[in-house]
Amino acid sequence: MDTLPCHIAHWAQVAPSSIAIRATDGPLTFAAWNNRIDRVATALRADGVGPGERVALCLADNLACLTLIMALLRSGAVACPINPAFPAAYRQARLSQLGSHRVIVDTQEAQKPESGELSAARFFQPADEVNSPESSDTLIQRDAPAIIIFTSGSTGAPKAAVLSYGNLSANAALSNQNISFAPGETWLLSLPLHHVAGLGILFRAIQAGATIGIATDPGYLEQDALHSGATHLSLVPRQLARMMGSADGAKALSQAHAILLGGSAIPGDLIDDAVARGLPLFTSYGMTEMATQVSTTSPGADGGLLRTAGRPLHPESLRIGDDGTIEVNGPTRFLGYWNGDTINAPFDEAGWFRTGDQGHIDTQGVLHVTGRVDNMFIVGGENVQPEVIEGILCDIPGVRQAVVLPLPHREFVNTPIAFVDDIRNRTPETLQALLADHLPAYQIPRHILPWPTDLANAGNKISRSAFADEASRMLPSP
């Protein structure tokens, strides 16, 4: 089977003293990290972890987690990160879905070998770490399962997306061609490793021979960005807005060479403010099934282009289906979804995957994403794409975030409602009047509700189902 060299082993040979990790306990060189990964891989194999075995990682986004991911890949096993904040029942459901009996947990948790729970400390034995430029490259299978990421999904149980080392490496290479990232620069690990966006940071750094800065508190990145000297940041809109609003955050942003922005609808005035400050902003469209970025804006994009998803990083990786659905393919496309003890490959005969997202490509080759098919709902016989309404709301100056949902209606089947984060605290009637200049009446939210801060801050990605539950609590069905 075709193989690729481990990027970390490569840099341990050619630049052993270069800094690979900046953590709270100090920097770690590529040579030292490579040696540590070798030792952990040896410990994993001694513990019976074999090729193809799916091993869950229920860990904080720390050096131990990064090391275990790479050690599992060198062992031929499959790393399966799980959000450690989720309850035990969720963890058990995911282990059952994986068919796995082994989960590595944080060192502070009790070790329970009988239940498959193993402390991460079990695999980290004290040893003198000596820079070793003679270390030989370790080969990893290009197209074998390497990492399984659970997609959040809009409905139902999470799907287990299977990514290969080749998928993740190809995406990192394409990203680094578009967003320059080189030795001596640092990308802050501001997004979790159980999300593909966090893995993207790992793979971009180890491919470029650059540095990963470990964030101590992803909720408040200002100090971590300053302390690590971060030159590259991956942010969702609310993180960018908060950093722009504080002195430390503004200082951290001013030293950035690149700020990759993704996630929910991006407010127009946030983009305009970032452009006015001269921030090196990049907007993107990506997904777990494509190992993170699919399309991204180019360096120096203006405010108009930053309101789009940019151009595909791989020219032949994206097309629009006859029904307006975005379809993807190419070297970064995942292997399929883990299903029992096999991989379900949901592709057509030519390998194209239908994303479930709607969009179009303009005459300049730029992708515009209009929303998800499964978010669409019917109002009085008309299709309503909530992301379109959210985008118009977020273009109103002062509106930082918006979520639009259907509320069941006896006459119209549904009626749209919206949660809006408006720093100007305008009345619902004022916002509805502003929307009337851009939308037909049936698309204007009948109710505009205050933004539920605690609910929205529960993760980096908005949960529409959680917002729907909140709406049902606040509003009776008409």
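Residues numbered from 1 in each chain as written. Predicted model: local features only at pLDDT ≥ 70, side-chain atom pairs only at ≥ 80, totals over all residues. Heavy atoms only, no water.

With respect to unusual backbone geometry
Line of reasoning, step 1. Its identity is not glycine, yet Ala291 carries a phi of approximately 65°, on the positive side.
Line of reasoning, step 2. Along the polypeptide, Ala291 turns up in the loop between β15 (281-287) and β16 (292-296).
Line of reasoning, step 3. Of note, the phi angle at Thr292 is positive, near 105°, even though the residue is not glycine.
Line of reasoning, step 4. For Thr292, the location among the structural elements is in strand β16. (Helix = DSSP H or I, 4+ residues; strand = E, 2+ residues; numbered from the N terminus.)

What to know about the side chain of Ser228
Line of reasoning, step 1. Mapping Ser228 onto the fold places it in helix α7 (residues 222-228).
Line of reasoning, step 2. With a relative accessible area of 8%, Ser228 lands in the buried category.
Line of reasoning, step 3. Polar side-chain contacts of Ser228 include one of 3.4 Å to the backbone oxygen of Ala225.
Line of reasoning, step 4. When sequence neighbours within four positions are dropped, the list of residues in contact with Ser228 reads Arg22, Thr186, Leu188 and Gly213. (Buried < 20%, exposed > 50% of the residue type's maximum accessible area, 1.4 Å probe, protein only. Polar contact = N/O pair within 3.5 Å; in protein donor to acceptor, adjacent residues only side chain to side chain. Contact = heavy atoms within 4.5 Å.)

Remarks on the nonpolar core
Line of reasoning, step 1. Ranked by internal contacts, the top residues of the largest apolar core, which has 78 residues, are Ile21, Trp33, Ile69, Met70, Ile147 and Leu202.
Line of reasoning, step 2. Top contributing element to this core by residue count: helix α3 (residues 63-74), with nine residues.
Line of reasoning, step 3. Residues within four places of Ile147 in sequence aside, it is in contact with Ile69, Leu73, Val78, Ala79, Pro81, Ala161, Val162, Leu163, Leu168, Leu199 and Phe203.
Line of reasoning, step 4. In this structure, Leu188, Leu221, Met243 and Met244 belong to the second largest nonpolar core, which totals 22 residues. (Core = buried A, V, L, I, M, F, W, Y, C linked by side-chain atoms within 4.5 Å.)

A short note on the sheet that holds strand β28 (residues 447-450)
Line of reasoning, step 1. Judged by pairing direction, the sheet is mixed, and its three strands sit side by side in the order β26-β27-β28 without closing on themselves. The open sheet has two edge strands with one neighbour each: β26 (399-409) and β28. Across this sheet, the average inter-strand angle for adjacent strands is 30°, counted without regard to direction.
Line of reasoning, step 2. Together, β26, β27 (413-422) and β28 form the strand contacts of helix α14 (residues 464-474), whose direction differs from that of β26 by roughly 65°. (Pairing = 2+ DSSP bridges. Axes fitted to C-alpha atoms, helices over the stretch in contact; angles between N-to-C directions.)

Some words on the confidence of the model for the chain
Line of reasoning, step 1. The predicted model of the chain has a mean per-residue pLDDT of 89, with 92% of residues at 70 or higher.
Line of reasoning, step 2. For the chain, per-element mean pLDDT is lowest for helix α13 (residues 453-456), which scores 74, and highest for helix α5 (residues 165-178), which scores 98.
Line of reasoning, step 3. Counted against residues more than four places away or in other chains, residues 128-136, with its pLDDT under 50, gives 21 contacts. (pLDDT = per-residue confidence, 0-100.)

Focus: the pairing of strand β9 (residues 145-150)
Here is the key point about a regular strand: its side chains alternate between the two faces of the sheet.
Line of reasoning, step 1. Counting buried positions over the six residues of β9 gives five, a clear majority of the element.
Line of reasoning, step 2. Sheet topology places β9 next to strand β10 (residues 160-164); five bridges connect them, and they run antiparallel. Directly across from Ile147, in β10, lies its bridge partner Leu163.

With respect to the state of the cysteines
Line of reasoning, step 1. According to the stated counting rule, one finds zero disulfides in the structure shown.
Line of reasoning, step 2. The thiol of Cys6 is not disulfide-bonded; the next cysteine sulfur, from Cys65, is found 16 Å away.
Line of reasoning, step 3. Looking at Cys58, it has no disulfide partner, and the nearest cysteine sulfur is the one in Cys65, 9.6 Å off. (Disulfide = S-S within 2.5 Å.)

Section: the pattern of salt bridges
Line of reasoning, step 1. All told, the structure shown has 20 salt bridges when counted by the stated rule.
Line of reasoning, step 2. The partner of Asp323 in a salt bridge is Arg354, with the nearest N and O atoms 2.6 Å apart. With Asp323 in the loop between β18 (318-320) and β19 (325-328) and Arg354 in strand β22 (residues 353-361), the pair connects residues that are 31 residues apart, well separated along the chain.
Line of reasoning, step 3. We classify Arg354 as partly exposed; its relative accessible area is 44%.
Line of reasoning, step 4. The partner of Arg464 in a salt bridge is Glu390, with the nearest N and O atoms 2.9 Å apart. Highlighted residues: Arg464 in helix α14 and Glu390 in helix α11 (residues 386-394), separated in sequence by 74 residues.
Line of reasoning, step 5. Salt bridges sharing common partners tie together Arg319, Asp323, Glu327, Asp348 and Arg354. (Salt bridge = Lys/Arg side-chain N within 4 Å of Asp/Glu carboxyl O.)

Thoughts on the sheet that holds β22
Line of reasoning, step 1. Within the open sheet, the four strands sit side by side as β18-β19-β22-β23. Their pairing is antiparallel. Each edge of the sheet is formed by a strand with only one pairing partner; in this case those strands are β18 and β23 (367-372). Across the sheet, the axes of successive neighbouring strands diverge by a mean angle of 45°, strand direction being ignored.
Line of reasoning, step 2. Summarising the sheet, β22 and β23 pair through five bridges and their orientation is antiparallel.

A closer look at the environment of Pro145
Line of reasoning, step 1. Mapped onto the elements of the fold, Pro145 is located in strand β9.
Line of reasoning, step 2. Given the relative accessible area of 31%, Pro145 is considered partly exposed.
Line of reasoning, step 3. With 43 residues separating them along the chain, Pro145 and Arg102 place their C-alpha atoms 17 Å apart.
Line of reasoning, step 4. Residue contacts for Pro145: discarding those within four places in its chain leaves Ala77, Val78, Val162, Leu163, Leu335 and Ile343.

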